Structure formats: structure tokens, C-alpha cells
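# Coordinate analysis (summary)
Below are the chains, spelled out letter by letter.
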Amino acid sequence: MAKIEDFDVVDLFCGVGGLTQGFIQENFHVSAGVDFDSTCQYAYVTNNKAQFIYKDVTILSGEELKNFFQKEKRKILIGCAPCQPFSIYNHKNNNNKERQEKDTKWRLLYSFANLIENIQPEIISMENVPQLLTFNKGEVINDFVSVLHKNGYSVSYKICNAQDYGVPQRRKRLILLASKHGAIEMIPPTHNKDTYKTVKEAIGHLPKISDGEHCPTDFLHFARKLNPLNKKRIQATPEGGGWETWNESLILDCHKKEKGRNFKSVYGRMKWNDVSPTMTTYCVGISNGRFGHPEQDRAISLREAAIFQSFPETYDFINPQLPFSSPTIARQIGNAVPVGLARAVAVSIKQHINSIND
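Another aspect to go through is the overall build of the chain. Per the secondary structure count, the chain includes twelve helices and nine strands. Relative to the compact-globule value of 21 Å for 358 residues, the chain shows a C-alpha radius of gyration of 21 Å, a close match. For the chain, the spread of C-alpha atoms along the principal axes amounts to about 65 × 55 × 45 Å. Looking at the 358 residues of the chain, the share that counts as buried comes to 53%. Long-range pairs, those at least 24 residues apart, make up 65% of the contacts in the chain between residues at least 6 apart in sequence. When the accessible area of the chain is evaluated, it comes to approximately 16500 Å², of which 49% is carbon and sulfur surface. Taking the average place of the 44 positive charges on the side chains of the chain and the average place of its 38 negative ones, the gap between the two points comes to 5 Å.

What follows covers the sheet that holds strand 2 (residues 30-35). The mixed open sheet is built from seven strands, whose spatial order is 3-2-1-4-5-7-6. Looking at strand neighbours, the two that pair on one side only are strand 3 (51-54) and strand 6 (154-161), the edges of this open sheet. Adjacent strand axes in the sheet meet at a mean angle of 15° when their direction is disregarded. With four bridges connecting them, strand 4 (residues 74-79) and strand 5 (residues 123-128) associate as parallel partners. Each bridged residue has a counterpart across the sheet, and for I76 the counterpart in strand 5 is I123. Taken strand by strand, helix 12 (residues 339-354) contacts strand 1 (7-12), strand 4, strand 5, strand 6 and strand 7 (172-179), and its axis lies near 20° from that of strand 7.

Now for the packing of helix 1 (residues 18-25) against helix 2 (residues 41-48). It is at 10 Å that the axes of helix 1 and helix 2 come closest, and there the two elements cross at 5°. The angle between helix 1 and helix 2 falls in the class roughly parallel. Listed contacts from helix 2 to T20, Q21 and I24 of helix 1 are Y44, N47 and N48. Looking at the contact of helix 1 with helix 2, its residues break down into two nonpolar, four polar and no charged.

Glancing now at the nonpolar core. F23, F28, I76, M186, F317, I349 and I353 are the most contacted members of the largest nonpolar core, which has 61 residues in total. Take this core: its biggest share by element is eight residues, from helix 12. Counting 36 residues, the second-largest nonpolar core is a separate cluster that includes L77, L132, I141 and F144.

This brings us to the side chain of Q309. Note that Q309 resides in the loop between helix 10 (302-308) and helix 11 (326-335). Residue class for Q309 comes out buried when judged on its relative accessible area of 0%. Setting aside chain neighbours within four positions, we find Q309 in contact with Q169, R171, M279, I333, G334, A336, P338 and V339.

For the rest of this paragraph, the subject is helix 12. Owing to its 3.6 residues per turn, the α-helix aligns residues three or four sequence positions apart on the same side. End to end, helix 12 covers 22 Å across 16 residues, agreeing with the expected 22 Å (1.5 Å per residue, within 8%). Looking only at helix 12, the buried set comprises V339, G340, L341, A342, A344, V345, A346, S348, I349, H352 and I353. Packed against the buried residues of helix 12 are strand 1, helix 1, strand 4, strand 5, strand 6 and strand 7.

Moving on, we get to helix 5 (residues 107-119). The end-to-end C-alpha separation of helix 5 is 19 Å, in line with the 18 Å expected for 13 residues at 1.5 Å each. Along helix 5, the residues classified as buried are L108, L109, S111, F112, A113, L115, I116 and I119. The inward-facing, buried residues of helix 5 abut strand 1, helix 3 (62-68), strand 4, strand 5 and helix 6 (139-150). Two residues or fewer after helix 5 comes Q120, characterised by a positive phi angle close to 55°.

This part covers the pattern of salt bridges. If you walk through the whole model with that rule in mind, you get 16 salt bridges. Note that D37 is salt-bridged to R331, the shortest N-O span being 2.4 Å. You can see D37 sitting in the loop between strand 2 and helix 2 and its partner R331 sitting in helix 11, a full 294 residues away along the chain. One salt bridge connects E117 with K150, and the closest N-O pair in it is separated by 3.0 Å.

It is worth spelling out the environment of N354 at this point. Topologically, N354 is positioned in helix 12. Using a relative accessible area of 39% as the deciding quantity, one classes N354 as partly exposed. Residues N354 and A2 lie 352 residues apart in sequence; the distance between their C-alpha atoms is 6.0 Å.

This part takes up the packing of aromatic side chains. Tallied over the full model, the rule gives twelve aromatic pairs. Between F311 and F317, the ring centres sit 5.3 Å apart and the planes meet at 80°, which makes this aromatic pair edge-to-face. Taken together, the ring pairs in this structure connect F13, F112 and F144 into an aromatic cluster. Above the face of the Y153 ring, K180 is positioned so that its terminal group lies 4.3 Å from the ring centre. The ring of Y267 is capped by R233, whose NZ or CZ atom sits 5.5 Å from the centre of that ring.

The rules we used
Residues numbered from 1 in each chain as written. Predicted model: local features only at pLDDT ≥ 70, side-chain atom pairs only at ≥ 80, totals over all residues. Heavy atoms only, no water. Helix = DSSP H or I, 4+ residues; strand = E, 2+ residues; numbered from the N terminus. Rg over C-alpha atoms; globule rule 2.2 N^0.38 Å. Buried < 20%, exposed > 50% of the residue type's maximum accessible area, 1.4 Å probe, protein only. Contact = heavy atoms within 4.5 Å. Areas by Shrake-Rupley, 256 points an atom, 1.4 Å probe, with all protein chains shown as cover. Lys, Arg positive; Asp, Glu negative; His and termini not counted. Charge placed at Lys NZ, Arg CZ, Asp CG, Glu CD. Pairing = 2+ DSSP bridges. Axes fitted to C-alpha atoms, helices over the stretch in contact; angles between N-to-C directions. Parallel < 35°, antiparallel > 145°, perpendicular 65-115°, else oblique. Nonpolar A, V, L, I, M, F, W, Y, C, P; charged D, E, K, R; others polar. Core = buried A, V, L, I, M, F, W, Y, C linked by side-chain atoms within 4.5 Å. Expected span 1.5 Å × (residues − 1). Salt bridge = Lys/Arg side-chain N within 4 Å of Asp/Glu carboxyl O. Phe/Tyr/Trp six-rings, centres within 6.5 Å; stacked < 30°, edge-to-face > 60°. Lys NZ or Arg CZ within 6 Å of the ring centre and 35° of its normal.

This is the structure we're talking about:
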């Protein structure tokens, strides 16, 4: 019977290591992570003790990738291929818009498929946005799955919500698993509405801080400084509430228009007894969503955002050799795979490995 010790893992598009960390917590050996964002290297290496390969995956060869795995180990390839922005094209030309979007927005996923075809890992995990299932009537996901089927993989995929796996955050993601050893499935949810990890359970124990203040015992526990008007706005917002509760002098002009009334989450506070909203790359700004602290008059801190992504509280994001940059770290955190969801993927693969009779 196969054992996880027989396998080695490489993480494509690794970022600061959310997916890698989940696999490490489930006792997998991860040799390397590959990413084209050099700002992620410090956090990835410091917390995971794995090699960081600064490389554009679109020009990564199969031979190079093979060399990142430990010799004599069986290969598991994991990754979250980010979709690329589609703003570079002129949207007035709609004739080839969908083809251009496929070739640009999803090109990293096609690179992922090419590398799979080149190195033939035994097991694969791919995480992505749910919209992948519906883009151009499912063309891109069907292309990806077709490559896997052609190369002898059994494939399953489904949309999972991170809150169902112990992550204190509402975040839907597409999880695909594939294996050359027969059927492989994502494990069933481990949590439900009665057992979801709440905002209070996740961050209620952290020291109180003011906006613009770093916690003395944890420099990452830092909330952005609010201007005087936004300070008044957050002070006027009850737990779980938003701008609809403000008096007229605080409401933005855009929210007074019909379209603006649909954006009810911006400037909102979280609820203590609910999971957090989806963490984004702008999750530490109150104007970007329901990112206000439930009771303190500030947006959530970087540490709180990392906890909502289920990173360990000791996870080190701050490179002492570089100036502190809140926007950079917020982007790193918002782009990450939640560690708890990554652990569920790792457990699914572990259970599959235990069923391999060779």
C-alpha cells in the first residue's frame, strides 16, 4: 500500500504558501513552490522551509519542473492558477473577445495543463474561481479536463465553500482532483452552520488596536489609518450594519443613486457570530467591502485577514530587509488559498493514497 512518505509535492502559483502550508500540516513533503511574484518569497520560504522558484509558469519547461521534485519520489503537482485581468483588450471589438479572453485570462491554466502532460504526476490538485465552470459555456474547464482524461487521469471537481472546512470565511472555490490510480474525491464538509468557525472565535482574543496602530506584540496586527470622515462613518456603523444606518451627511453621493444602493457591504462591519466575508486583495480597507471590525472603530488588521484565511497566527509575512508595505501584504493574503481548505484537499489526497495498492 502506498504511503504519503513515497510522494513529493510541488506547488505552482504558490504565492505566500496557503496551499503548501495546508499540505505541510497534513505531513506531506513539499519541495518547492513556483511563482512570478517575488514579494512572496520571504513568507513562503520562512514559514514552509521549501524552495521558492521565481519563475513565470508560462515559460517553465517540463524538464525544469521535474528537477524541483525529490529524486526517487512519486510526484504530486498542486496549484491555484490565477486568472489574468482582461483589461488589456479593447472591449469595443467584440468579434474575438471570448477567444482573446480565453487566451489571456486563462492562459496560466493552459500552461498548468501543458506541464501536467509533460511530467505526468500521479496526483493533481487544481484550485480556481467558480466562474471557470461557466466561462464560454465551460470551454476552458472542459479543455483542462480533456487533457487529463487523454493522459489517463480520473478526475473530479466541485465548488467548495471554505467555511464548510473550518475556515472562518465565506469563500467559494472550484477544487479539482485527478489521479492515475482511479477515483479521487474531495472529502465531505467537516463543518455546518451549527459549527462554522465565527469571527469572534477567530479574532476575538486579539489585543485591541486603533486605526493606524501596530500592536506592540505583533507588528502584523495593524489597521490602516482612517481619515476623519471615514472614522465618523465606522463609528456610526453598528455590528453587522452598513452605510444604510448613517445620517445623510455621511452617505456617499454614489450610494444615493439607484445603482449605488446595491453595494450594501462597503463600509460595513462584520458580525461576531458569523463567518467573515471573502478576503480580497483590498480586505483591509473599509470602503472595499464588509471589512470593518465588529466593534472596534477600524477596518480589520492584516493579522486578522490572515487568520480569516486560516494562516497560523505565527505566520511571518514581514521581510525585515524591506520597507513594510500594507498593500503588498494585503494582496498576498487576499490571493492565498485558505490553509484550512488546503488541508481538506491534502486529506482528500491522503485518503486516496491510502487506497492505492502498489
